[in-house]
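Residue-level listing of the chains:
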Amino acid sequence: MVTQIAASPLAGDRSRAARRLGYVLVGLLGLTCIAGLAVGAAGTSLWSALADLAVGRELALRDKVVLWDIRVPRVLMGMLVGAALAVSGAVLQGLFRNPLADPGIVGVSAGASLGAVIAIVLGGALPLAAAMGAWIVPVFAFLGAWGATMTLYRIATRAGRTSVATMLLAGIALTALTMALTGLIVYVADDAQLRDFTFWNMGSLAGATWGKLAVAVPLILLPLAASGLLARGLNGLALGEAAAGHMGIPVQRLKGAAILIVAAATGAAVSIGGGIGFVGIVVPHLLRLATGPDHRFLLPNAALLGAAMLLLADLVSRTIIAPAELPIGIITAIIGGPFFLFILLRQRGIVDL
Amino acid sequence: MKRLSALVKLQLSLCAVLLLAFAAQLQAEPAQRIVSVGGSVTEIVYALGQQHRLVARDTTSNHPAEAGDLPDVGYLRRLSPEGVLSVNPDLILAEDGAGPPETMDLLEQSQIRVVTVPMGFDRDAVTAKIETVAAALGVPEKGAELTARVSAEIDRAAGRDLTGRKVLFVLAMQGGRIMAGGTDTAADGIIALAGATNAASGFEGYKLLTDEAILTAAPDVILVMESRGERAISDETLLAHPGLAATPAGQSGAILRMDGMLLLGFSVRTGQAVTELAAGLDGLGS
């Protein structure tokens, strides 16, 4: 009895539960990874392939392509994209002290959409188009996401101080402007390009290749690792900017770093995965409901749960109507929406940052 | 002894010839597990009587109706690599524009033959499609036969002169606005084959038209796709449109409906489509 009290000096300290949840999530991610590699439309069996490899037998070409060139990059990409979206959502909700914040709020999604539609519709006429080939859509989506977020950051920063409120409002204006430009280009698009853009907006991990992964890994992993350094600052920020400043937290540097991290991670995630919604909102909130808002645990757990959730969604996406494939954005919204509402209604009243 | 060895030699060489012939046969072994991507390609495979070799089709392949029983690998521009591989194909017949490129690269990497069928909206495009498909299937004689039949049908149907009959193809109505087919579309191609004039010729592709543009286009006939379900555009909706109602077509209620795949597929039934379209145009007003 006494030891228990000593171990949790504060009533409501949930850090031990959060740490334990972290281990559970590592296990969950491991299981979803294995499932992602083992299950698919093609009848290729992971186990027989592993057995073949173990005894040094050569794999059939088709099995090799399915496992090594389709499933492995796809699982890795799903993990990266899911982790990036969930962590970005958690960081932004902490930064804006607003439970509705998600990467869309800083213009990432709208910017990426604009970049993608420019590449899809005007692709052939753009400089360097031939050199970029199939890369043109992700490259432009990334440039669009990054450009929109940086513009917004510049607008909201006056005399070395970033106003979070200005950023929120300017974000709405900039998103409207970006969407108008997107609409303009959609207007001149032909039928096939429209279809391409619609599908891009619904998201998919089907385009995962080793080449894309090589570019995405540093762009996503570096910001994710750096986000760990923000945890204490974001915790302080929950008390308000002034209070955080008095506590000795370099508030302006924190804001700048958070925006950079989100722009790089989500920019890269959206550019390779397309418009995958909901992960950035659902995952952080689920974790806050379960183990509280302490960012030291929230950020790593969000990365783990985001990765696992997107892998599960992708598993559904590629098997439910096999041999065809349902866009993953539809699945994250269809499964995520009601599930989130259910949790919310059951625990009504304790949703807080 | 000498004679014996000569005999053995003869036997050996015969064996070798036979083996070689067998190997050649193996090499030319035509594909038996085919995925057909694109509605017009699937129609051609059926018209060539080769449907028993199909193992899957894409979402746009809805004619003939039996094609619907085959597994669907998805929309032709959004094919999933593992989905296509899962039906274990040895040949993929794809309309030009099938993709995405990542999927096509992976299919090539797994050494599956991919034959791209050229697209286009005139008679030559139809014959080129049939020839490409027939060659890929290894049935060039049947292909030549079908090409001759289809081009004769188109020629016979296209003999009419309906010049000056202005046709507006309405693809869809979005929020009360008309999306019409301009130049460089399948609609434009089939209207031209029927000998009529496309009323909406000032732009490329399918576009939303303003009421004024519709009035200027002044179509004599409105052409729409017959589709099942609620997506069909009803006569009332069309005639209630303020721009359309004031055109000659709107005044006389000249609305022509045709099956979308027949009208716009540019495949084996294009001759029939031209005949129906021309007959319909002839029958309506004037």
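Quick caveat, the model's predicted, so the values are computed rather than measured.

Caption draft 1: Region of the structure containing the overall build of chain A. When you go through chain A residue by residue, the secondary structure sums to 16 helices and two strands. Relative to a compact globule of 353 residues, whose C-alpha radius of gyration would be 20 Å, chain A shows 21 Å and is just as compact. Over its C-alpha atoms, taken along the principal directions, chain A stretches across nearly 60 × 55 × 35 Å. Relative to its 353 residues, chain A shows a buried fraction of 47%. Partitioning the intrachain contacts of chain A with sequence separation of at least 6 by distance along the chain shows that 80% fall at a separation of at least 24.

Caption draft 2: Quick look at the sheet that holds strand β3 (residues 91-95) of chain B. Residues and elements named next belong to chain B. Here we have four strands laid out as an open sheet, ordered β2-β1-β3-β4, and parallel in their pairing. Among the strands making up the open sheet, the edge pair consists of β2 (54-57) and β4 (113-117). Between one strand axis and the next, the sheet turns through 20° on average, direction left out of account. With three bridges joining them, strand β1 (residues 34-37) and β2 adopt parallel strand pairing. Bridge assignment links V35 to a residue of β2, and that residue is A56. Packing against the sheet, helix α5 (residues 123-137) makes contact with β3 and β4, and its axis sits at approximately 165° to β4.

Caption draft 3: Representation of the packing of helix α7 (residues 136-156) of chain A against helix α13 (residues 251-273) of chain A within the structure. Residues and elements named next belong to chain A. Relative orientation of the contacting elements α7 and α13 amounts to 155°, with a least axis distance of 8 Å. With respect to each other, α7 and α13 are oriented roughly antiparallel. As α7 packs across α13, the resulting crossing turns out to be right-handed. Contact with α7, carried on its side by P138, A141, F142, A145, W146, T149, M150 and Y153, involves I259, A263, T266, G267, A268, V270, S271 and I272 of α13 and no other residues of that element.

Caption draft 4: Seen up close, the nonpolar core. In this structure, A84 and V87 of chain A are the most contacted members of the largest nonpolar core, which totals 95 residues. Sort the elements by how many residues they give to this core and helix α4 (residues 61-96) of chain A lands first, with 16 residues. Every residue in contact with V87 of chain A, bar those within four places of it in the chain, is listed here: L224, S227, A265, L299, A302, A303 and G306 of chain A. The next biggest cluster of nonpolar side chains, apart from the first, holds 85 residues, and it includes V87, L107, I130 and L193 of chain B.

Caption draft 5: Representation of helix α7 (residues 186-193) of chain B in the model. Residue and element names in this part refer to chain B. Counting buried positions over the eight residues of α7 gives seven, a clear majority of the element. Turning to α7, its buried residues number three or more, namely A186, A187, D188, G189, I190, I191 and L193. Positioned one or two residues after α7, G195 has a phi angle of 85°, which is positive.

Caption draft 6: Broad picture of the domain arrangement of chain B. All names here are of chain B. Domain assignment breaks chain B into domain 1 (34-157) and domain 2 (166-283). Once you take the C-alpha centre of each, domain 1 and domain 2 turn out to be 27 Å apart. Contact residues are listed per partner, giving 17 residues for domain 1 and 15 residues for domain 2. Looking at the side of domain 1 that touches domain 2, the elements that each hand over two or more residues are α2 (39-47), α5 and α6 (140-157). Classifying every residue of the side of domain 1 that touches domain 2 gives nine nonpolar, four polar and four charged.

Procedures and definitions
- Residues numbered from 1 in each chain as written.
- Chains lettered and ligands numbered in written order.
- Predicted model: local features only at pLDDT ≥ 70, side-chain atom pairs only at ≥ 80, totals over all residues.
- Helix = DSSP H or I, 4+ residues; strand = E, 2+ residues; numbered from the N terminus.
- Rg over C-alpha atoms; globule rule 2.2 N^0.38 Å.
- Buried ≥ 20, exposed ≤ 12 C-beta atoms within 10 Å, placed from the backbone.
- Contact = placed C-beta atoms within 7 Å.
- Pairing = 2+ DSSP bridges.
- Axes fitted to C-alpha atoms, helices over the stretch in contact; angles between N-to-C directions.
- Parallel < 35°, antiparallel > 145°, perpendicular 65-115°, else oblique.
- Left-handed = near helix turned anticlockwise from the far one by under 90°.
- Core = buried A, V, L, I, M, F, W, Y, C linked by C-beta atoms within 7 Å.
- Domains from an automatic or database assignment.
- Nonpolar A, V, L, I, M, F, W, Y, C, P; charged D, E, K, R; others polar.

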